[in-house]
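Fold and contact review
Okay, here's what each chain looks like letter by letter:
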Amino acid sequence: ILLKGVNRHSFRPETGRALDPEDCYADVRLIKSMNMNAARMSHYPPDEAFLDACDELGLYVLDELSGWQHAYDTEIGRRLVRETVEHDVNHPSILFWCNGNEGGWNRDLDGDFALYDPQQRRVLHPWDPFSGVDTKHYPSYSELTRHLKGPDLVMPTEFLHGLYDGGGGAGLDDYWKAISESPFGAGGFIWVFADEGVRRDDQNGRIDVFGKFAPDGLVGPHHEKEGSYYTVRDIWSPVQIATPEINDKFTGQLAVSNRYDFTSLEKCRFQWKLLNYPDPSDKKTPPRIMAEGVAPSPAVPPHGIGGLAIPLPANWRDADALSVVAFGPDQQELWNWVWPLPGMTRQADAKTKGSPPKVETADGEIRLIADS
């Protein structure tokens, strides 16, 4: 499996680290909506309700003993390891235990996790190569590609810092291609899930992120979806459709990749639409659906590549764009691809007297931009 993960803190602007069960379930649903499959508990064990949600809704978990830069002494650390493991051990979502973070590990505690875990799950040192897994934080691209030559598995438990690296989605495509194409790539965890600002009632409700210490999430403090949310959702979609070359001879055949680890694409659903857009100056009228349907789901196995056949009607060339939406086995929308068709080019040529069309894409929509 490849872990497509995010670091997650327990946080809300109005209640700080005090969450109710629905907050925990909402976090898991939002993480899954970005096509992620894993969450790291940075840097402390989570509420039990969060682990319940991960078990029920389906997220892999890295459960972590607290500790950052400074480790517990052995006597106190052993008590905390036992409490953590005995409290959380029966949650099947947990794949790994993390012994502290970024220098916060006491190596004398590494063997204690197994004393209370019948499954003997592997222990990690976030930031430190340990037990065959290289978790180095924030590797440069050149570092990453060098480490991906082996011999350890590579899974940075923090990378692509949302504040300092230009947003959690910036650079993800290059990093992910390197990780997913290497036999030593095991995944990674973006820093961080959400902005962590406190609502200041003494300052007219201003969200205080303490300077540059906390405004670094994929989503905002109230889980507002920002640009990186959509980038991550696109790149980490378990269904990927290659951009087709569409001309008048296009037959509706699309190349599709299955990036699920266990699921055949037969379990997914593919909905298609032919769209006609209004005049570029019309900002209010939605696109008209000229035709729509469901394409047969191909029997592409996990990690396989195959074909998706869109049954285009005879007049498809008159449409402006083709939209294809992939839904997972749970009927959650994975991603929406939209490609311009020959009809859009002809419409643009007619309106701009032969000038090439300018095309703007955003969240599954294509609009023509009229020349000024």
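One can find the structure itself at the top, above this paragraph.
Below, the structure is looked at part by part. Every residue gets a number counted from 1 within its own chain, in the order that chain's sequence is written. Local features in this predicted model are restricted to residues of pLDDT 70 or higher, and side-chain atom pairs are both shown and tallied only at a pLDDT of 80 or more, whereas totals for entire chains, interfaces and linings draw on every residue. Heavy atoms throughout the structure, all of them, feed into the side-chain values; hydrogens and water do not.

1. Focus: the nonpolar core
Ranked by size, the top nonpolar core spans 46 residues in total, and within it M36, F159, L172, I190, F193, V232 and W236 carry the most contacts. Elements represented by at least two residues in this core include exactly helix 1 (21-33), strand 2 (38-41), helix 2 (48-57), helix 3 (74-88), strand 4 (94-98), helix 5 (172-181) and helix 6 (227-235). We call two residues in contact whenever any of their non-hydrogen atoms come within 4.5 Å of each other. Once residues lying within four places of it in the same chain are set aside, the contact partners of W236 are K4, G5, M34, N35, M36, F159, L172, W176, G188 and I190. Throughout, nonpolar core names a set of buried Ala, Val, Leu, Ile, Met, Phe, Trp, Tyr and Cys residues whose side chains join them through atoms within 4.5 Å. The cut-offs for exposure are 20% and 50% of the maximum accessible area for each residue type, with area from a 1.4 Å probe on protein chains only; residues under the lower value are buried, those over the upper are exposed, and the others partly exposed. Counting 28 residues, the second largest nonpolar core, distinct from the first, contains L265, F270, A295 and L341. The helix and strand labels rest on DSSP assignments: H or I over at least four residues marks a helix, E over at least two residues marks a strand, and numbering proceeds from the N terminus.

2. Here we look at the side chain of N7
With respect to the helices and strands, N7 occurs in strand 1 (residues 3-8). Within polar-contact distance, the side chain of N7 engages the side chain of S42 at 3.5 Å. Two N or O atoms form a polar contact when they lie within 3.5 Å of each other; inside protein one atom must be a possible hydrogen donor and the other a possible acceptor, and for residues adjacent in sequence the pair counts only when both atoms belong to side chains. A distance of 3.1 Å separates a polar atom in the side chain of N7 from the backbone oxygen of T157. Residues within four places of N7 in sequence aside, it is in contact with R40, S42, T157, E158, F189, I190, W191, V192 and F193.

3. Some remarks on the sheet that holds strand 14 (residues 288-295)
Paired strands are those between which DSSP finds at least two bridges. Strand order in the open sheet made by the four strands is 14-13-16-17, with antiparallel pairing throughout. The open sheet terminates on both sides in strands that have one partner only, identified here as strand 14 and strand 17 (333-340). Here the strands of the sheet are splayed against their neighbours by 15° on average, with no regard to which way each runs. When strand 13 (residues 269-276) meets strand 14, the two strands line up antiparallel, connected through seven bridges. Residue L274 lies in a different strand from strand 14, and its bridge partner there is A291. Only the stretch in contact is used when fitting a helix axis, every axis being a line fitted to C-alpha atoms; angles between N-to-C directions are given from 0 to 180 degrees.

4. Observations concerning the environment of L153
Tracing the backbone shows L153 in strand 7 (residues 153-154). Residue classification places L153 among the partly exposed residues on the basis of a relative accessible area of 38%. Discounting residues that sit within four places of it in the chain, L153 has contacts with G132, V133, D134, P183, F184 and A186.

5. Looking at the packing of helix 1 against helix 2
For the pair helix 1 and helix 2, the least separation of the axes is 8 Å and the interaxial angle reads 45°. Viewed along their axes, helix 1 and helix 2 adopt a mutual orientation that is oblique. Between helix 1 and helix 2 the crossing geometry is right-handed. Mapping the contact onto sequence places P21, C24, Y25, D27, V28, R29 and K32 in helix 1 and A49, F50, D52, A53, C54, E56 and L57 in helix 2. Residue composition of the contact of helix 1 with helix 2, by class: nine nonpolar, no polar and five charged. Roughly parallel covers angles under 35 degrees, roughly antiparallel covers those over 145, roughly perpendicular covers 65 to 115, and oblique covers all other angles. Left-handed describes a crossing whose near helix is turned anticlockwise from the far helix through less than a right angle; right-handed describes the clockwise counterpart. Three categories are distinguished: nonpolar for Ala, Val, Leu, Ile, Met, Phe, Trp, Tyr, Cys and Pro, charged for Asp, Glu, Lys and Arg, and polar for the others, with Gly belonging to the last.

6. Quick look at the side chain of T157
Within the fold, T157 resides in the loop between strand 7 and helix 5. Look past the residues within four positions of T157 in its chain and what remains in contact with it is N7, R40, L62, P126, W127, T135, H137 and F189.

7. Brief notes about the pattern of salt bridges
Any Lys or Arg side-chain nitrogen located within 4 Å of an Asp or Glu carboxyl oxygen qualifies as a salt bridge. Counted under the stated rule, the structure contains 17 salt bridges. The closest approach of N and O atoms between E64 and R40, which form a salt bridge, is 2.8 Å. Remark: R40 occurs in strand 2 and E64 occurs in strand 3 (residues 60-64); sequence separation between them is 24 residues. A relative accessible area of 0% places E64 in the buried class. On the basis of relative accessible area, R40 is assigned to the buried category, the value being 0%.

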